[in-house]
Amino acid sequence: MSRFYLPRVSFRNGLNYEAFLSHMKRFIMLMGRDTQKEGAEEGTQGVMASERESFDLSGPLHLTYVLWDNPYHRMSVAASLVQGVYILERDRQEKREGPNALAPPWWTFFHFQLLRPLIDDVDSSIFGAIYEFKPPSSQFNDTFYRSPRYVVAFRGTLTKSDSVSRDIELDIHFIRQGLHQTSRSEIAIQAVRNVVATVGDSNVWLAGHSLGSAMAMLTGKTMAKNGMLIESFLFNPPFVSAPIERIKDERVKHGLRIAGSVITAGLTIAMKAKQQKDSSIDPFTALSAWVPCLFVNPSDHICSEYIGYFEHRRKMEEIGAGVIERLATQNSLGGLLMSAFGKESEPLHLIPSASLTVNVTPTNDFKEAHGIHQWWKPDLRLENKLYNYK
């Protein structure tokens, strides 16, 4: 597997965002080529569908009866519906229609119907889908009260020519904490609003993987700010941070996190000292009732920082530094710097509460650790912790 290094950008003469974006685009392209080979494979008979796109070859065929109060079952179904969005777009790109389309089994196996795809207004790619649950009476059981009526799912980055440019542009918007300013996010949020207005928030699930997980995170946070708490399944959600979680020495790791918290809290106080603020309204605390389900792999540096993010908060409380951490946990250094330059930002990766599931099953490489397929494999070794913000 290739090693990746974040690009070096000179800020000697001030923040050069165009240079930063150019470097980040090259970085994401290199990373994508090594990690997202889930599309078509070239063969002697022409373009052949990847085994990873076929439900019969790589889907959760073992999950023939879903218990909707079983966390593994719920996770596997949500992940499969996200994969369905990936394959919808691949079907479009490869012009696979009718009996040649590979996407439908990813949802029909679990008795969902595709209500409609979500189309990006820039490149016309399919980035999401709205599914409706239509089970036969033979599948009814005592756990149906936990099933959704609708699921809105979002795919991540596809490194294929038809969609790669737009996807990477959105990846960069996420890194710049500006995903909320994109037209794709507007389409996603409006679609979810429409579904919730029809059936209520308790009947809807959100699901996403990687970039799609960030889109689901943004949508869920937006709805939660308006009092609508949607059950959310976020697979390999990206966390913009230095890869501290990869440091093996726990003392060094903890020391770096404490230093980061002190610096972030100090900058927060300094920058907001002159701002008038209604102390009775804390947006971060207001979000705490929303508890999304996060699924991360410690070998995936894109999402693994969530492990340290939540554990560090607990440790800071234990040593009596909870006040500092409560300031630091709701702000990012990048966001504070952007605010200093008058730029609006929305650090999506900072959330108050979560149900964090960590896949500690050994993985072969980063591609596997970041892939959506891991989340429906049988015999997974999973660790789960609930973090409620107080």
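To be clear, the structure that these remarks concern was listed above.
Residues numbered from 1 in each chain as written. Predicted model: local features only at pLDDT ≥ 70, side-chain atom pairs only at ≥ 80, totals over all residues. Heavy atoms only, no water.

Caption draft 1: Quick peek at the pairing of strand β6 (residues 204-209). In terms of burial, β6 is a largely internal element, 6 of the 6 residues being buried. Neither face of β6 is open: one carries V204, L206 and G208, the other W205, A207 and H209, and all of them are buried. In terms of strand pairing, strand β5 (residues 150-154) meets β6 through 5 bridges, oriented parallel. When the sheet's bridge partners are listed, A153 is paired in β6 with A207. This β-α-β element, β6 to helix α7 (residues 211-224) to strand β7 (residues 231-235), shows right-handed connectivity. (Buried < 20%, exposed > 50% of the residue type's maximum accessible area, 1.4 Å probe, protein only. Helix = DSSP H or I, 4+ residues; strand = E, 2+ residues; numbered from the N terminus. Pairing = 2+ DSSP bridges. Right-handed = clockwise from strand over helix to strand, strands pointing away.)

Caption draft 2: Layout of the nonpolar core. By size, the foremost hydrophobic cluster in this structure holds 47 residues, and its most contacted members are V152, F154, L179, L294, Y306, F310 and L356. Looking at which element gives the most residues to this core, the answer is α7, with 8 residues. Listed in part, the 37 residues of the second largest apolar core include A78, W107, I126 and A129. (Core = buried A, V, L, I, M, F, W, Y, C linked by side-chain atoms within 4.5 Å.)

Caption draft 3: Spotlight on empty space enclosed by the protein. Counted under the stated rule, the structure contains 4 cavities of 30 Å³ or more. Counted as a void, the largest cavity has a volume near 100 Å³. Along the walls of the largest cavity sit 13 residues, with V66, W68, F110, H111 and Q139 positioned nearest its centre. Each residue belonging to the lining of the largest cavity can be placed in one class, and the counts come to 9 nonpolar, 4 polar and no charged. (1 Å grid on protein atoms, 1.4 Å probe; cavity = no way out; pocket = protein on both sides within 12 Å on 5 of 7 lines; lining within 4 Å. Points joined across faces, edges and corners; volume = space filled by probe spheres on them. Nonpolar A, V, L, I, M, F, W, Y, C, P; charged D, E, K, R; others polar.)

Caption draft 4: Structural view of the side chain of S125. Summarising the element assignment, S125 is placed in the loop between β3 (112-119) and β4 (126-133). Take S125: its relative accessible area is 0%, and that puts it in the buried class. A distance of 2.8 Å separates a polar atom in the side chain of S125 from a polar atom in the side chain of D123. When residues no more than four places from it in sequence are discounted, the contact partners of S125 are E89, R92, L118, I119, D120, R155, S163 and R184. (Polar contact = N/O pair within 3.5 Å; in protein donor to acceptor, adjacent residues only side chain to side chain. Contact = heavy atoms within 4.5 Å.)

Function-wise, these values are silent; they only describe arrangement.
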